[in-house]
Amino acid sequence: MIKTYPFTLDLLPYAYDALEPVIDKETMEIHHGKHHQTYCDNLNKLIGDMIDLQGLSLQELLSSDQLPIKNNAGGVWNHDFFWESMTTPGVSQIENSLKVEIEKAFASVEEFMAKFEAAALGRFGSGWAWLVKNKEGGLEITSTANQDNPLVDGLTPLLAIDVWEHAYYLKYKNKRVDYVKAWWQVVNWDKVEERLSP
Ligand code: MN
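Just so it is clear, the model here is predicted, and its values are computed rather than measured. (Residues numbered from 1 in each chain as written. Predicted model: local features only at pLDDT ≥ 70, side-chain atom pairs only at ≥ 80, totals over all residues. Heavy atoms only, no water.)

### Remarks on the packing of helix H4 (residues 96–106) against helix H8 (residues 189–196)
Close contact between H4 and H8 brings their axes to 10 Å; oriented N to C, the two are set at 70°. Overall, the two elements H4 and H8 adopt an arrangement that is roughly perpendicular. Judged by residue contacts, Ser 97, Leu 98 and Glu 101 of H4 engage Trp 189, Val 192, Glu 193 and Leu 196 from H8. Each residue belonging to the contact of H4 with H8 can be placed in one class, and the counts come to 4 nonpolar, 1 polar and 2 charged. (Axes fitted to C-alpha atoms, helices over the stretch in contact; angles between N-to-C directions. Helix = DSSP H or I, 4+ residues; strand = E, 2+ residues; numbered from the N terminus. Parallel < 35°, antiparallel > 145°, perpendicular 65-115°, else oblique. Contact = heavy atoms within 4.5 Å. Nonpolar A, V, L, I, M, F, W, Y, C, P; charged D, E, K, R; others polar.)

### Examining the side chain of Arg 195
Position of Arg 195 among the secondary structure elements: in helix H8. Looking at Arg 195, its side chain comes within polar contact range of the side chain of Ser 85, at 2.9 Å. (Polar contact = N/O pair within 3.5 Å; in protein donor to acceptor, adjacent residues only side chain to side chain.)

### Quick word on the packing of aromatic side chains
Following the criterion strictly, the structure yields 15 aromatic pairs and no others. Summarising the aromatic geometry, the rings of Phe 81 and Trp 130 are spaced 5.9 Å apart at their centres and angled 40° between planes, so their arrangement reads as tilted. With Phe 81 in helix H3 (residues 67–84) and Trp 130 in strand E1 (residues 127–133), the pair connects residues that are 49 residues apart, well separated along the chain. We note that Phe 81, like Trp 130, is buried. The ring centre of Tyr 172 lies 5.7 Å from the NZ or CZ of Lys 171, which sits over that ring. Directly above the aromatic system of Phe 81 lies the positively charged group of Arg 195, at a separation of 3.6 Å from the ring centroid. (Phe/Tyr/Trp six-rings, centres within 6.5 Å; stacked < 30°, edge-to-face > 60°. Buried < 20%, exposed > 50% of the residue type's maximum accessible area, 1.4 Å probe, protein only. Lys NZ or Arg CZ within 6 Å of the ring centre and 35° of its normal.)

### Observations concerning the pattern of salt bridges
For the coordinates displayed, the defined rule picks out 9 salt bridges. We note a salt bridge from Lys 3 to Asp 10, for which the minimum N-O separation is 3.3 Å. Judged by relative accessible area, which is 11%, Lys 3 ranks as buried. By relative accessible area, Asp 10 is classed as partly exposed at 30%. (Salt bridge = Lys/Arg side-chain N within 4 Å of Asp/Glu carboxyl O.)

### Here we look at the domain arrangement of the chain
Domain annotation of the chain identifies domain 1 (25–84) and domain 2 (96–196). The straight-line distance from the C-alpha centre of domain 1 to that of domain 2 is 20 Å. Facing the 19 residues of domain 1 at the interface are 22 residues of domain 2. Regarding the contact of domain 1 and domain 2, the summed buried area is about 1,700 Å², with carbon and sulfur atoms giving 60% of it. For the domain 1 face of the interface with domain 2, the top three residues by lost area are Asn 78, Phe 81 and Phe 82, together amounting to 35%. Seen at the junction of domain 1 and domain 2, the total is 2 salt bridges. (Domains from an automatic or database assignment. Buried area = accessible area lost by both parts, 1.4 Å probe.)

### Brief notes about the coordination of the manganese ion
Within the first shell, the manganese ion binds the protein through His 31 (NE2), His 79 (NE2), Asp 162 (OD) and His 166 (NE2), at distances of 2.0 to 2.1 Å. Here His 31 falls in the buried class, since its relative accessible area comes to 1%. (Donors = N, O, S within 2.8 Å, 3.2 Å for Na, K, Ca; no water.)

### A word on the environment of Gly 138
Within the fold, Gly 138 resides in the loop between E1 and strand E2 (139–145). The class for Gly 138 is partly exposed, based on a relative accessible area of 25%. Placed 74 residues apart in sequence, Gly 138 and Ser 64 show a C-alpha to C-alpha distance of 27 Å. Setting aside its immediate chain neighbours within four residues, Gly 138 contacts Val 132 and Lys 133.

### What to know about the sheet that holds E2
As summarised here, the arrangement of the 3 strands in space is E2-E1-E3, forming an open sheet in which the pairing is antiparallel. Strands at the two margins of the open sheet, each flanked by one partner only, are E2 and strand E3 (156–162). In this sheet, adjacent strand axes meet at a mean angle of 25° when their direction is disregarded. Running over the sheet, H4 touches E1 and E2 and is turned about 80° from E2. (Pairing = 2+ DSSP bridges.)

So, in structure tokens, the structure goes:
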């Protein structure tokens, strides 16, 4: 769906407690209702003063040369993507066609998970780790700082984990590693597959 100004916050595709016990209800309420909402509100405030930017899509704003616009557009886009990347714990499995692509790029699912976790844990400060499809159609892992987005580099996002402290601090405190390892239980692999072969 192409979003343009004025931007509105979508409802979550599930209840606030749907990701329990991996991600607790309170974290989801604050993350969606406060953090995500604030990116949306800030972006509207910024674009509200700039009539020449009001026709641009959210995706186009990700590569804005104005840092506050880029950061808040990324905040909106990345969280929309993140919510859709998750589902009730334990209900989603990696199906064969995705598994084949993962094995092609990383040798095994275990190796892929290890590399993805390393990207999530290696991101210093706030940011994201991503599974992306590159221009040749192969899979890669990358990470971005702040609310930056791999689309800007011509990569197609397939899966992302938010490693800002606001994503996990209430439940996992400073243990990002525990959050990242538990997070696999809520990944929506059907969504990843859909993004790989739209
Ligand atoms: Mn976040």
